[in-house]
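Coordinates in review
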Amino acid sequence: MNGNSGCVIWTITDGKPGHLQQIRGLLKALRQQLPVREIELRALPPLQALAHLAGGSFPPGEGLPVPDLIVGAGHATHLNILAAKRAYGGKTVVLMKPSLPRQLFDLCLIPQHDGVAPSKQVILTQGALNTMQRSVAADPNVGLILLGGISRHYVWQDDEILAAVGKLVAATPQVHWTLTTSPRTPASLLDGLQGLAHANLEVVPFARTTQGWLHEVLGCAGQVWVTPDSVSMVYEALTSGTGVGVFDLPTRHSSRVVRGLERLAQSGWVTRFQHWQAGQSLPHLNGQLDEAARCAKWIKQFWYPNA
C-alpha cells in the first residue's frame, strides 16, 4: 500500500443501485479503518472484459494509480475485476456469490442465505452490505413503514397489506408513522393508500423522496415494518439497530430469500405480523449488526495490519 495516497481502491460498478449500495457500505466502513483513495470505474461489457482478460490488459485503468484493492458487485463486474487484477495487480473483493469459481477471487463477501460454505476466501454475511450505521437518535414514537411490491419470491396482495397497515397504525396512536413505497409498488396499492385516513400516518410515495431521505428517516425510527420482498431494507433496518417487523405475504416457492427471512424470524431478529400483538413494541437486537464494519476490519487485520 502506498503510504502517500493511502489504500487505492478501484470500485468496478454495473450502475445498479443495489450493487452500488453494497460497494458504498464497504467503502464507508473501510474509511474508518484505513486511509482510502477510491477510483470508480464502469464495467465493460462481458465479451470485452473477457478479451482484455485473455490479453492481459484493462484499458479503463490506464494512467490511474495502481490498485491495492479491486472491489465489485454484480455479475457483470466479475470478468472486469479479474482483467484489472491481471493487468495491474491488487487484491480482489467481490460482494456476492460470484458466477465464476470463487477461487479466482481473493475475497468473496457472500450473504449467508446463498448457501455457500465459508472458506479462507469466503466471509458469510447477514444479508447484503449496506451504508447504514447504528442510530443514536431512534425515537420509539417514530415509526417507518416500507412497502415493496411485485417480486419473484412472494405473491403480492394489496388487500392484505392495506389491512395490516391499517391495523398497525390504528393500534399505535402514540406513534407517528411515515409510509413509503418502492418502484415495484403497484399503482393499485397507491390508490388504496388514499383510503387510509389516520392522523398518525403520513404517506410519502417513492416518487416524492429524495436521495438520502430514507436513511435520514430510518435513523430516527424506533420501529420499522417492511414487506418481506424488500429483504435489503430488512437488513438496513436491522443495521440501524431499530426493532423490525415483517408483514405477511404468501411465498411463491422456498427460495434462498424466503429461507433467509424465515431464519431471521426464528432467531428473533424480526417479528412476523401474524405474531405481533396489537400495541406491542418490537424487540431490538441485543447485539449490533454491522456487517460492512466486520468485513472492513477483516481486510485491515489480515491484509493491512500496519496501515
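Up top is the structure.
Residues numbered from 1 in each chain as written. Predicted model: local features only at pLDDT ≥ 70, side-chain atom pairs only at ≥ 80, totals over all residues. Heavy atoms only, no water.

Quick word on the overall build of the chain
Along the chain, the regular secondary structure elements total nine helices and twelve strands. A compact globule built from 307 residues should have a C-alpha radius of gyration of about 19 Å, and the chain, at 21 Å, falls within 12% of that. Its C-alpha atoms give the chain principal-axis dimensions of roughly 60 × 40 × 35 Å. A total of 307 residues make up the chain; the buried ones form 51% of that total. Intrachain contacts of the chain at a sequence separation of at least 6 include 69% that bridge at least 24 residues. In the form shown here, the chain has an accessible surface area of approximately 13,900 Å², with 51% of it arising from carbon and sulfur atoms. Each charge class in the chain was averaged separately, 25 positive and 20 negative side chains, and the resulting centres sit 10 Å apart. (Helix = DSSP H or I, 4+ residues; strand = E, 2+ residues; numbered from the N terminus. Rg over C-alpha atoms; globule rule 2.2 N^0.38 Å. Buried < 20%, exposed > 50% of the residue type's maximum accessible area, 1.4 Å probe, protein only. Contact = heavy atoms within 4.5 Å. Areas by Shrake-Rupley, 256 points an atom, 1.4 Å probe, with all protein chains shown as cover. Lys, Arg positive; Asp, Glu negative; His and termini not counted. Charge placed at Lys NZ, Arg CZ, Asp CG, Glu CD.)

Observations concerning the sheet that holds strand 4 (residues 91-94)
Ordered in space as 2-1-3-4-5-6, the six strands form an open sheet in which the pairing is parallel. The open sheet terminates on both sides in strands that have one partner only, identified here as strand 2 (36-42) and strand 6 (122-125). Shown here is a sheet whose adjacent strand axes are inclined to one another by a mean of 20 degrees, direction ignored. The pairing of strand 3 (residues 69-72) with strand 4 spans four bridges and is parallel. By the bridge assignment for strand 4, Ile70 is matched with Thr92. The strands touched by helix 1 (residues 17-31) within the sheet are strand 1 (7-13), strand 2, strand 3, strand 4 and strand 5 (107-111), with strand 2 carrying the most contacts at an inclination of about 165 degrees. (Pairing = 2+ DSSP bridges. Axes fitted to C-alpha atoms, helices over the stretch in contact; angles between N-to-C directions.)

A word on the sheet that holds strand 11 (residues 243-246)
One open sheet holds the six strands; their spatial order is 9-8-7-10-11-12, and the pairing between them is parallel. Lying at the two open borders of the sheet, with one neighbouring strand each, are strand 9 (201-204) and strand 12 (271-272). Sheet topology note: the strand 7 (residues 139-146)/strand 10 (residues 221-226) ladder contains five bridges and is parallel. Bridging across to strand 10, Leu146 finds its partner in Val226.

Re the packing of aromatic side chains
Each aromatic ring pair is characterised by the separation of its centres together with the angle its planes make. Counting across every chain of the model gives nine aromatic pairs. With a centroid separation of 5.2 Å and an interplanar angle of 65 degrees, the aromatic rings of Trp10 and Tyr88 are classed as edge-to-face. Of the two residues, Trp10 is situated in strand 1 and Tyr88 in helix 3 (residues 78-88); the sequence distance between them amounts to 78 residues. Arranged with centres 5.5 Å apart and planes meeting at 75 degrees, the rings of Trp298 and Trp303 form a pair that is edge-to-face. Joined through ring pairs, the aromatic side chains of Trp225, Phe247, Phe273 and Trp276 make up one cluster. (Phe/Tyr/Trp six-rings, centres within 6.5 Å; stacked < 30°, edge-to-face > 60°.)

Observations regarding the nonpolar core
Membership of the largest hydrophobic core comes to 48 residues, with the highest contact counts inside it found for Ile145, Leu147, Val165, Val234, Leu238 and Phe247. Every residue in contact with Phe247, bar those within four places of it in the chain, is listed here: Ile145, Leu147, Ile161, Ala164, Val165, Leu168, Trp225, Val226, Thr227, Pro228, Arg272 and Phe273. (Core = buried A, V, L, I, M, F, W, Y, C linked by side-chain atoms within 4.5 Å.)

Digging into helix 4 (residues 158-171)
Between its terminal C-alpha atoms helix 4 stretches 20 Å, which fits the 20 Å expected from 14 residues at 1.5 Å a residue. Looking only at helix 4, the buried set comprises Asp158, Ile161, Leu162, Ala164, Val165, Gly166, Leu168 and Val169. On its buried side, helix 4 packs onto strand 7, strand 8 (176-180), helix 5 (187-193), strand 9 and strand 10. (Expected span 1.5 Å × (residues − 1).)

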